[in-house]
Each structure stands twice: as structure tokens, then as C-alpha cells.
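Okay, here's what each chain looks like letter by letter:
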Amino acid sequence: AGDGILAASQTMYDIQNFVSARKVHSTLAALSLIMSCVQLVKNLDFHPRMGLITRTIAHAAGAMLFFFTLFFSVVVVYSFMGLIQYGSTMDNFQNLMYSMQTMLIMLLGEFLDAKEVMDEVDQSITNLFFWTYYMICYFILMNAFLAIIVEAYEQTKRGFDAVSHTDAIWNMIDQIKGAVKYK
């Protein structure tokens, strides 16, 4: 009987190690795929038209740094307010990290049924909290972010238009069409 318990214990230990290793593997695979996607966008910089995205991001980097500093400052302030106002009654605001995650998810339009529960705590404060957050973060800051990206894109595009580029891909397609046409 002792050997059976020892074997079962060892099996449970092995299963726990396997589950932990699988979590690490999944996390590393996800990070690897994200980095591959970033690398792909960066590597497309050689092409005049496809590189427009990376050059736009490069033009906007300075302004985006200040934007994200302001944006996350506002989100942190509202997360603290959510933690103070709703933390004792809602799991979504039980600590600062959950509160920040809830605030960011709310900006995406997913409320996780939080608004109704928030209304039960205090409807007038919830409306003030909710609508000022949306006015500042969604309507003002998100539009400012789009303006930063559009301005950087326009600057990048003007630089692209000022220089004559031959597009190797279209040249190759034209050559293939010509070769097929004469067969």
C-alpha cells in the first residue's frame, strides 16, 4: 500500500511539473510569435510602400511617448478612484491591477456587466465616474492618438511622394505579364 501511495504521489508531482512546463512553453511560444510579428513589420522597412508603417511609427515615437504617459496617468487615477469607490464590493476593482485592467477593457466597449453593479453602489457617482472617464480617455485622448498617427503618416507619405521610387514587386509582375502575353 505504501508503494502505491508513493507512486501516486510521484505521478501527481510529475503531472504538476508537466503542467508548469506547458505553461512556460505556451508563454514563450506566444512571446515568440509576437516578436516575430514585430520583426516582420520592422523587416518590411526596406520596401518603399510597405515600410511606410515602420517609418510612420518612427516619426510618431516621440509624440506617442508623451501621449502614453498622459494616457496611463489618467487610467491610473481612474483606477485608484475605482478601487476606492468599488473595490470593497466588486472583484473587478479589488486591487489596482484588476482596476486598471477593468478600466482598459471598458475603453474597448466591454463592460463585463460592471456598470450595473457600479450603479448599485452609487448611481450618481458611477455616472460621473463613467462619463468623465469616457469623455477624457475615449473621445479626447483616443482622438489625439489618432491625430498623432495621422500627422506622422502624412509627414512620412510626403517624404515618400517627394522621392521617386520604383516598385520592384510591380516591375516583376509587369515582366511576368509581358512574358505570358508573348507566349
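Criteria and cut-off values
Residues numbered from 1 in each chain as written. Predicted model: local features only at pLDDT ≥ 70, side-chain atom pairs only at ≥ 80, totals over all residues. Heavy atoms only, no water. Helix = DSSP H or I, 4+ residues; strand = E, 2+ residues; numbered from the N terminus. Buried < 20%, exposed > 50% of the residue type's maximum accessible area, 1.4 Å probe, protein only. Contact = heavy atoms within 4.5 Å. Areas by Shrake-Rupley, 256 points an atom, 1.4 Å probe, with all protein chains shown as cover. Phe/Tyr/Trp six-rings, centres within 6.5 Å; stacked < 30°, edge-to-face > 60°. Lys NZ or Arg CZ within 6 Å of the ring centre and 35° of its normal. Salt bridge = Lys/Arg side-chain N within 4 Å of Asp/Glu carboxyl O. Polar contact = N/O pair within 3.5 Å; in protein donor to acceptor, adjacent residues only side chain to side chain.

(A) Local environment of the overall build of the protein. For the protein, the helix and strand inventory stands at 6 helices and 0 strands. Taken along its principal axes, the extent of the C-alpha atoms in the protein is 80 × 65 × 30 Å. Considering the protein as a whole, with its 183 residues, one finds that 22% of them fall into the buried category. Expressed as a percentage of contacts within the protein between residues at least 6 apart in sequence, the contacts between residues at least 24 apart total 63%. Here the protein has roughly 13100 Å² of accessible surface; of this, 68% comes from carbon and sulfur atoms.

(B) Examining the packing of aromatic side chains more closely. One pass over the structure, following the stated rule, counts 15 aromatic pairs. Taking the centre distance of 5.0 Å and the plane angle of 40° together, the rings of Phe 130 and Tyr 134 count as tilted. Highlighted residues: Phe 130 and Tyr 134, both in helix H5 (residues 123–162), separated by 4 residues, approximately one helical turn. The class for Tyr 134 is buried, based on a relative accessible area of 9%. Cluster of aromatic residues (ring-pair linked, three or more members): Tyr 78, Tyr 86, Phe 93, Phe 129, Phe 130, Trp 131, Tyr 133, Tyr 134, Tyr 138 and Phe 139. Above the face of the Phe 130 ring, Lys 115 is positioned so that its terminal group lies 5.3 Å from the ring centre.

(C) Representation of the pattern of salt bridges. For the structure shown, the criterion picks out 2 salt bridges. The closest approach of N and O atoms between Lys 115 and Asp 119, which form a salt bridge, is 3.1 Å. In this pair, Lys 115 and Asp 119 both sit in helix H4 (residues 114–121), 4 residues apart, roughly one turn of the helix. The buried category is assigned to Lys 115, whose relative accessible area is 15%.

(D) Highlighting the side chain of Lys 115. Side-chain polar atoms of Lys 115 contact the side chain of Asn 127, separated by 3.0 Å. Residue contacts for Lys 115: discarding those within four places in its chain leaves Thr 126, Asn 127 and Phe 130.

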